[in-house]
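# Overview (structure and organization)
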Amino acid sequence: MAYGAHRSTLPPRPDLSLAHDCEVCLGWGTVVTRDGDHELCHMCQGVPPEDEGIVRADS
């Protein structure tokens, strides 16, 4: 029997025109975290890196 992850949220929608030549996400526009979540690529999608001193509400 196979078990899959039940996600209540959809993965983010990247701008693929920005991701075309990105070496970090290989053109996908998203990266997979260690927890298995999809996040927008910080290199090509213009997402600022998280500040280590800020506590996120969803953490």
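Structure first, text after, so check above.
Reference entry: report on the structure contained in this document. As a convention, each chain's residues are numbered from 1 in the sequence order in which they are written. Side-chain atom pairs in this predicted model are given and counted only at pLDDT of 80 or more, local residue features only at pLDDT of at least 70, and totals for whole chains, interfaces and linings cover all residues. Values reported for side chains reflect all heavy atoms of the structure, with hydrogen atoms and water molecules removed beforehand.

## Considering unusual backbone geometry
Where we set the bar: A run of H or I in DSSP becomes a helix once it reaches four residues, and a run of E becomes a strand once it reaches two; helices and strands are each numbered from the N terminus.
Despite not being glycine, Leu 26 shows a phi value in the positive range, around 60°. Here Leu 26 lies in the loop between α1 (16-19) and β1 (30-32).

## Structural notes on the environment of Met 43
To keep things clear, this is the line we draw: The contact definition used throughout considers only heavy atoms, calling two residues in contact when any of these lie within 4.5 Å.
Positionally, Met 43 belongs in the segment after β2 (38-40). For Met 43, the residues in contact, after removing those within four places along its chain, are Cys 22 and Val 24.

## Here we look at the nonpolar core
Soluble globular proteins tend to bury their nonpolar side chains together. This is how it is decided: We call a set of buried Ala, Val, Leu, Ile, Met, Phe, Trp, Tyr and Cys residues a nonpolar core when their side-chain atoms join them within 4.5 Å. Buried, partly exposed and exposed residues are distinguished by accessible area as a fraction of the type maximum, computed with a 1.4 Å probe on protein chains only: under 20%, between the cut-offs, and over 50%, respectively.
Of all hydrophobic cores here, the largest spans 5 residues; its members are Ala 19, Cys 22, Cys 25, Cys 41 and Cys 44. Not counting residues within four places of it along the chain, the set of residues in contact with Cys 22 comprises Gly 27, Cys 41, Met 43 and Cys 44.

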